[in-house]
Amino acid sequence: METTVKKWGNSLAIRVPKKVAEECKMYDGSKVSISHDGKGMYVNVIDKADELKALLSEITPDNIHAEISFEEKIGREVW
């Protein structure tokens, strides 16, 4: 499938055809990663679950904090 690269401000933009967007589960506001290897350019939709996994993978024993509570017990909470 061919499409045309167009100027958008100081950048370039590529329109994603509706059928391709639907098949890739891409919608307005989707986050994507763009990479290249000298032979081609690759656009991958970032799955929100994958994004969460990536964020959680950055938690280490050195940067995790203890539980924080700002309220008094008001019911039968276990602390």
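Residues numbered from 1 in each chain as written. Predicted model: local features only at pLDDT ≥ 70, side-chain atom pairs only at ≥ 80, totals over all residues. Heavy atoms only, no water.

Caption draft 1: Here's a closer look at the overall build of the protein. Counting secondary structure elements, the protein contains 2 helices and 4 strands. Scanning the protein from its N terminus toward the C terminus, one meets helices and strands in the order β-β-α-β-β-α. A compact globule built from 79 residues would reach a C-alpha radius of gyration of about 12 Å, whereas the protein, at 21 Å, exceeds it by more than 25%. By principal-axis analysis of the C-alpha atoms, the protein measures approximately 60 × 30 × 25 Å. (Helix = DSSP H or I, 4+ residues; strand = E, 2+ residues; numbered from the N terminus. Rg over C-alpha atoms; globule rule 2.2 N^0.38 Å.)

Caption draft 2: Structural detail: a nonpolar patch on the surface. Side chains of Val-5, Leu-12, Ile-14, Val-32, Ile-34, Met-41, Val-43 and Val-45 sit close together on the surface and give an oily, nonpolar patch of about 720 Å² of accessible area. Secondary-structure elements contributing two or more residues to the nonpolar patch are β2 (11–14), β3 (32–36) and β4 (41–45). It is β4 that contributes the most residues to the nonpolar patch, 3 residues altogether. Within the fold, Val-43 resides in strand β4. The exposure class of Val-43 is partly exposed, given its relative accessible area of 44%. (Patch = residues over 30% accessible without salt bridge, like charges linked within 9 Å, V, L, I, M, F, W, Y side chains within 5 Å. Areas by Shrake-Rupley, 256 points an atom, 1.4 Å probe, with all protein chains shown as cover. Salt bridge = Lys/Arg side-chain N within 4 Å of Asp/Glu carboxyl O. Buried < 20%, exposed > 50% of the residue type's maximum accessible area, 1.4 Å probe, protein only.)

Caption draft 3: The arrangement of the pattern of salt bridges in detail. Going through the model one piece at a time under the given rule, you end up with 1 salt bridge. Glu-22 is the salt-bridge partner of Lys-18, the closest N and O atoms lying 3.9 Å from each other. Taken together, the positions of Lys-18 and Glu-22, both in helix α1 (residues 18–23) and 4 residues apart, correspond to about one turn of that helix. Its relative accessible area of 64% is what places Lys-18 among the exposed residues. For Glu-22, a relative accessible area of 52% gives the class exposed.

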